[in-house]
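# Structural overview for review
If you want the building blocks of each chain, they are given just below.
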Amino acid sequence: MNKITLPGTIWVASDMHLGPAAPATTEAFLSFLEAAADEASALLLPGDIFDAWIGDDVIRQPPPWLASVLQALKTTAAAIPVWLGRGNRDFLMGTELAETVGARLLPEPALLDTDYGLILLTHGDELCLDDQAYQAFRAMVRDPAWQKEFLGKSIPERLTLAQQARGESKAATQAKQADIMDVNPDAVESLFRETGVATLVHGHTHRPDRHVLEVAGKRRERWVLPDWDCDHARPPRGGWLAIDRDGMQFYDLEVA
Ligand code: LP5
Ligand code: MN
């Protein structure tokens, strides 16, 4: 697996779920991007930056909320390296988006060579193996033939389908048992074994935490990133993980 060398202070954040219905979260993200440009050496965004990404061609005539996000990403990427990773809601992010904002796309998973050591970074949905209905959906939408057909539809058609899929997903997740929507312990263990790394960082489950476990006689840590919601959650929530030579630390968004 190729390593991404990232010296200095790295900021990692996921699951912002930005979209037209999340203006306050978008504002918080714009401030976060400005702070990252000033304070971090690199910014990594491993997935679900967007609530639903229907294809990179939307950036050719972006709606105002998206135009502001693209501009801010561009400004930050001109100051520090920015890496975008695909999540389960923005798995269609591609090279046109990355090149337009001056970012790079993260491999899945990504192996980071940081001042704190090797860290494996991924969105996390691929580890939720007990959620078989989701894994079937994932296999369908990750299939290049499905993607080609979907991307061949008009933007309004794709927006309607994305909205339907979000509706179905909300209903499905409400009906599911909470524990099947968490990562599968065997999948996590296999990833630690196969890669030999001591630290895994992922998002997706919206269960921010640091888990300590032992795999193959070695101490491992699994750090789970928080989701962001400054529009509907009270108090508003969100945050990021900072990694530097001294270790790893969560920071909460400071929002009024
Ligand atoms: O995203 P979230 O947090 O609600 O739940 C996820 C899993 N759901 C998804 C689906 C996405 O939310 C949908 C948005 C994708 C937009 C991208 C572009 C457009 C694609 C259009 C597709 C037709 O990822 C959810 C997990 C949960 O995480 C926890 O891990 O449980 O999985 C599901 O809800 C899957 C369902 O169980 C089964 C499939 C429902 C979707 C069916 C789509 C039907 C589309 C309608 C077209 C006529
Ligand atoms: Mn997700």
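The rules behind these values
- Residues numbered from 1 in each chain as written.
- Chains lettered and ligands numbered in written order.
- Predicted model: local features only at pLDDT ≥ 70, side-chain atom pairs only at ≥ 80, totals over all residues.
- Heavy atoms only, no water.
- UniProt positions renumbered as here; feature names shortened; annotations may be inferred.
- Donors = N, O, S within 2.8 Å, 3.2 Å for Na, K, Ca; no water.
- Helix = DSSP H or I, 4+ residues; strand = E, 2+ residues; numbered from the N terminus.
- Buried < 20%, exposed > 50% of the residue type's maximum accessible area, 1.4 Å probe, protein only.
- Core = buried A, V, L, I, M, F, W, Y, C linked by side-chain atoms within 4.5 Å.
- Contact = heavy atoms within 4.5 Å.
- Near = heavy atom within 4 Å.
- Polar contact = N/O pair within 3.5 Å; in protein donor to acceptor, adjacent residues only side chain to side chain.
- Areas by Shrake-Rupley, 256 points an atom, 1.4 Å probe, with all protein chains shown as cover.

- Looking at an unreviewed UniProt entry, one finds the chain named UDP-2,3-diacylglucosamine hydrolase, with Bordetella genomosp. 11 as its source organism.
- Under the UniProt heading Function (unreviewed entry), the entry covering the chain gives this text: "Hydrolyzes the pyrophosphate bond of UDP-2,3-diacylglucosamine to yield 2,3-diacylglucosamine 1-phosphate (lipid X) and UMP by catalyzing the attack of water at the alpha-P atom. Involved in the biosynthesis of lipid A, a phosphorylated glycolipid that anchors the lipopolysaccharide to the outer membrane of the cell."
- Comment text from UniProt for the chain, heading Sequence similarities (unreviewed entry), reads "Belongs to the LpxH family."

## Observations regarding the coordination of the manganese ion (ligand 2)
- Donor atoms from the polypeptide that coordinate the manganese ion (ligand 2) comprise Asp-48 (OD), Asn-88 (OD1), His-123 (NE2) and His-204 (ND1), at 2.1 to 2.3 Å from the metal.
- Mapping the donors of the manganese ion (ligand 2) onto the primary sequence yields the spacing D-x39-N-x34-H-x80-H. Here Asn-88 is found in the loop between β4 (82-85) and α3 (95-101), whereas its partner His-123 is found in the loop between β7 (117-122) and α4 (132-142), with 35 residues between them in sequence.
- For Asn-88, a relative accessible area of 16% puts it in the buried group.
- Classification of His-123 as buried rests on a relative accessible area of 3%.

## Some words on the nonpolar core
- The biggest cluster of nonpolar side chains holds 42 residues, and the ones touching the most others in it are Phe-29 and Leu-45.
- Mapped onto this core, the elements with two or more residues apiece are α1 (23-39), β3 (42-46), α2 (64-79), β4, α3 and β11 (239-244).
- Dropping the residues within four chain positions of it, Phe-29 is found in contact with Met-16, Leu-18, Leu-45, Ile-49, Val-69, Leu-73 and Trp-228.
- Formed by 18 residues, the second largest nonpolar core is a distinct cluster that contains Ala-42, Ile-119, Leu-225 and Met-248.

## What about the site of ligand 1?
- Of all residues adjacent to ligand 1, which total 23 residues, the nearest are Asn-88, Arg-89, Asp-131, Lys-176 and His-204.
- Between an oxygen atom of ligand 1 and a side-chain N or O atom of Asn-88, the distance comes to 2.8 Å.
- Expressed as a share of its isolated accessible area of 1000 Å², the protein-covered part of ligand 1 is 84%.
- Those elements that provide at least two residues to the shell around ligand 1 are α4, α5 (144-151) and α6 (155-175).

## Re the UniProt feature "binding site: Mn(2+) 1" (unreviewed entry) in the chain
- Under the local residue numbering, the UniProt record ascribes the feature "binding site: Mn(2+) 1" (unreviewed entry) to Asp-15, His-17, Asp-48 and His-206. A maximum C-alpha distance of 11.5 Å is found for the annotated residues, which run over 192 residues; spatially they form one tight group.
- The residue Asp-48 is located in the loop between β3 and α2 in this model.
- Overall, Asp-48 belongs to the buried group, its relative accessible area being 1%.
- Residue placement: His-206 occurs in the loop between β8 (199-202) and β9 (209-215).

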